[in-house]
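Topology and contacts: notes
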Amino acid sequence: LVPRFNQLALIFAKKMYAWNFFIVAIMGHNIMAFVPHRVNPTRPLLKTMSSSYNPNDHETPEERKARMELVRQVQASFYQNTGQDEDSMSWLRTDPNDSSILYNLPLWRVQWTEMIGFQNVLNVHVAHYTHMFRKLLFEHPKPWYFGHVYLPDGSENLDNPDYYFPNDSISNEEKKTTKATVFGTLMKVTDYVEEEDGRLTLLVQGVERIKIISACQHKPYAIASKVKIWPDQEYWEPYAGKEAMASMSDATQVMAAKESELYRELEFYNTVLSKNGGGEVSPLSNVNGSVVLDSDNIMEQAKNSYSIWLEKTVKDEATRASLATVTVHDERLEETIILLQEKKVWILLDSMIQLLNKAQSGLRIPVPSQLLGLLPNYDDWPPGFQLHTFVENLEDKEVGTHTKSPFVLLSKAYPQYPTLRRASRLSYTIWIITGTISTEVGVQTDYQELLELSGMQQRLQRAIQQLEAINSTIKAIVG
């Protein structure tokens, strides 16, 4: 059994070391930082380009420099910010009356699912996506957003009508026949590097869950003509009530989307790449600890977006009057359940780490510091719980790789930060660990299914089940 455990531990360690990111490793009671190379096991490798002969391989450095300068001049003539952002086909348009709606969002359709709170480096080399991102970066102002949507076999199915998104001109019955995945992740480009050979290296963060309502283009890349921000139901349902009419649910989703937008500045630190595009990037987005948080003001703005939506959308005066007051329904029981689930996830994670350390003394178990920043600041953790002592060792330290930023324990630095938002972030980011080790103990993880679950309560429950299965397997191995 011990050799079997050692094999499992080494596989896990190697997979975690395969991440090209700064990670905090827990070794006994010590915190150890290291920078491994990352190949995410949950994401299939993209097919490489042909290795056929290229005459440019034999050019001198001076010839290459001159050729690339000509390429840059040609590119500059095609990609220019004309300032015509109000044009009907300009990308990333928002709806002034509905905070949950985006128009004309470019889509990166690939064969893996990205999760909220994850951070990644994209190496864009295929022609159609290089064109798409150049248009986004050079013809549109910041912030640069695009949609990440799962597509089986990636670009091979971009022009397959079976995977086309619905458009506004087809019937509801026709919409049901598409094989296209309509739930995805709103991604933000925080930095980019133009490589000498024309490739783009992008640093991106997953910031929101989205649903593709309709598309106006499918090839050479897709553009969603209408996208809806899709918050966890626990964000908006307390204001609507479980039996609310459709208009009330829509209005509270608008409010939840606005609230989420306003918290984005705190929740996502703007990480940058090194000048040559190399270096390492953390697997999860860090919190921006320099933000001065005013939760009351955020809630007021969210309620204002609710009122604007009602005024512009609900024409019946009596109905509008009945919905005018935002009332919080019975949310305490559900929130209590979620916070208990959140606490159990942390306890099980701590148990997993201790089991591994007990079985093989000195084994380093990597846990991203950005994940540890979500630990609740409780004083009633069970005896023997260790993660809070690791967090204490990280306080007043800087974390990250090329971009350093202060470690932030959210619940301590921002006590007014909504506990449900913290639990939701954990329900996504915990899979950076559980998803990696699960495959080695025979437990499969469907990331797209996790993304599409209605809310954080279901995702946390899945995480609990996954961690319990992992811990049971380890216990059976070590005896």
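Focus on the overall build of the protein
A tally of regular secondary structure across the protein gives 16 helices and 13 strands. Counting all 479 residues of the protein, 53% fall into the buried class. Considering only contacts in the protein between residues 6 or more positions apart, those separated by 24 or more positions represent 74%. Total accessible area computed for the protein in this model is approximately 22,000 Å², and 51% of it derives from carbon and sulfur atoms.

Section: the packing of aromatic side chains
The tally for this structure, following the rule as stated, stands at eleven aromatic pairs. Ring geometry for Phe 133 against Phe 146: centres 5.0 Å apart, planes inclined by 90°, an arrangement best described as edge-to-face. With Phe 133 in helix α3 (residues 127–139) and Phe 146 in strand β7 (residues 144–150), this residue pair connects regions lying 13 residues apart in the sequence. You'll find Phe 133 and Phe 146 in the same group, each marked buried. Put simply, the rings of Trp 108, Trp 112, Tyr 129, Phe 133 and Phe 146 pair up and form one aromatic cluster.

Re helix α11 (residues 387–394)
Those residues of α11 not exposed but buried are Leu 387, Phe 390, Val 391 and Leu 394. Mapping the buried residues of α11 onto a view down its axis gives an arc of 100°, with all of them on the same face. Once α11 finishes, Asp 396 follows within two positions and takes phi at roughly 70°, a positive value.

Describing the pairing of strand β5 (residues 105–110)
Across the six residues of β5, six count as buried, placing the element largely inside the fold. Where β5 meets strand β10 (residues 222–229), three bridges bridge the pair, whose relative direction is antiparallel. Note on β10: the bridge partner recorded for Leu 105 is Ala 224. Relative to β7, β5 is paired through four bridges, and the arrangement is parallel.

Overview of the nonpolar core
Of all hydrophobic cores here, the largest spans 62 residues; its most connected members are Trp 346, Leu 349, Met 352 and Leu 371. Residues in contact with Trp 346, not counting those within four places in the same chain, are Leu 371, Leu 372, Leu 374, Leu 375, Pro 376, Trp 381, Phe 385, Leu 387 and Leu 426. Of all hydrophobic cores here, the second largest spans 45 residues; its members include Leu 105, Tyr 129, Val 182 and Val 207.

With respect to α3
For α3, which comprises 13 residues, the first-to-last C-alpha distance of 17 Å matches the rise-based estimate of 18 Å (1.5 Å per residue) to within 8%. Judged by how many residues are buried, α3 sits mostly within the fold: ten of 13 residues are covered. Those residues of α3 that fall on the buried side of the exposure criterion are His 128, Tyr 129, Thr 130, Met 132, Phe 133, Arg 134, Leu 136, Leu 137, Phe 138 and Glu 139.

Some details on the packing of helix α14 (residues 431–438) against helix α16 (residues 456–478)
The geometry of α14 relative to α16 is characterised by a closest axis approach of 10 Å and an angle of 45° between their N-to-C directions. On the basis of the axis angle, α14 is oblique to α16. In the crossing of α14 with α16, the sense of the turn from one axis to the other is left-handed. Side by side, α14 and α16 meet where Trp 431, Thr 434, Ile 437 and Ser 438 of the first sit next to Arg 459, Arg 462, Ala 463, Gln 466, Leu 467 and Ile 470 of the second. Residue composition of the contact of α14 with α16, grouped by class: five nonpolar, three polar and two charged.

Digging into the confidence of the model for the protein
Fine structural detail should not be taken from predicted coordinates in areas where pLDDT scores are low. In this model, the protein carries an average pLDDT of 81, and 76% of its residues clear a pLDDT of 70 or more. Contacts for the low-pLDDT stretch residues 15–53, under 50 throughout, to residues beyond four places or in other chains number 118 contacts. When the criterion is pLDDT under 50, residues 82–88 qualifies, and its contacts beyond four places in sequence or with other chains add up to eight contacts.

A closer look at the side chain of Thr 190
Structurally, Thr 190 is set in strand β8 (residues 183–194). A polar atom in the side chain of Thr 190 sits 2.8 Å from the backbone oxygen of Thr 271.

A look at the pairing of strand β4 (residues 98–103)
Here strand β3 (residues 93–95) pairs with β4 via three bridges, running antiparallel. Among the inter-strand pairings, Thr 94 is bridged to a residue of β4, identified as Leu 102. Linking β3 back to β4 in an antiparallel pair, the connection comprises two residues. Bridge analysis of β4 against β10 gives two bridges, and the strand direction is antiparallel. Note on β10: the bridge partner recorded for Ile 101 is Lys 228.

What to know about the pattern of salt bridges
Applying the stated rule across the entire model yields 14 salt bridges. Of the charged contacts, one joins Asp 232 and Arg 209 as a salt bridge, the two residues approaching to 3.3 Å between their closest N and O atoms. Taken together, the residues Asp 232 in the loop between β10 and α5 (233–240) and Arg 209 in strand β9 (residues 200–217) connect sequence positions 23 residues apart. Looking at Arg 209, the relative accessible area reads 3%, which means it is buried. Between Glu 311 and Arg 320 there is a salt bridge, with its nearest N and O atoms 3.8 Å apart. Taking relative accessible area as the criterion, Glu 311 reaches 49% and is therefore assigned partly exposed. Each of Arg 209, Asp 232 and Arg 459 takes part in one network of salt bridges that share partners.

Things to note about unusual backbone geometry
Following Lys 142, the chain continues to Pro 143 via a peptide bond in cis, the omega torsion being -5°. Tracing the sequence through the fold places Pro 143 in the loop between α3 and β7. A cis amide bond, omega 5°, links Lys 219 with the succeeding residue Pro 220. The topology assignment puts Pro 220 in the loop between β9 and β10. Within the chain, Leu 92 stands out as a residue other than glycine whose phi angle is a positive 60°. Within the secondary structure layout, Leu 92 lies in the loop between α2 (61–78) and β3. Phi is positive for Asp 153, close to 65°, though the residue is something other than glycine. Inspection of the secondary structure puts Asp 153 in the loop between β7 and α4 (172–175).

The rules we used
- Residues numbered from 1 in each chain as written.
- Predicted model: local features only at pLDDT ≥ 70, side-chain atom pairs only at ≥ 80, totals over all residues.
- Heavy atoms only, no water.
- Helix = DSSP H or I, 4+ residues; strand = E, 2+ residues; numbered from the N terminus.
- Buried < 20%, exposed > 50% of the residue type's maximum accessible area, 1.4 Å probe, protein only.
- Contact = heavy atoms within 4.5 Å.
- Areas by Shrake-Rupley, 256 points an atom, 1.4 Å probe, with all protein chains shown as cover.
- Phe/Tyr/Trp six-rings, centres within 6.5 Å; stacked < 30°, edge-to-face > 60°.
- Arc of directions from axis to C-beta.
- Pairing = 2+ DSSP bridges.
- Core = buried A, V, L, I, M, F, W, Y, C linked by side-chain atoms within 4.5 Å.
- Expected span 1.5 Å × (residues − 1).
- Axes fitted to C-alpha atoms, helices over the stretch in contact; angles between N-to-C directions.
- Parallel < 35°, antiparallel > 145°, perpendicular 65-115°, else oblique.
- Left-handed = near helix turned anticlockwise from the far one by under 90°.
- Nonpolar A, V, L, I, M, F, W, Y, C, P; charged D, E, K, R; others polar.
- pLDDT = per-residue confidence, 0-100.
- Polar contact = N/O pair within 3.5 Å; in protein donor to acceptor, adjacent residues only side chain to side chain.
- Salt bridge = Lys/Arg side-chain N within 4 Å of Asp/Glu carboxyl O.

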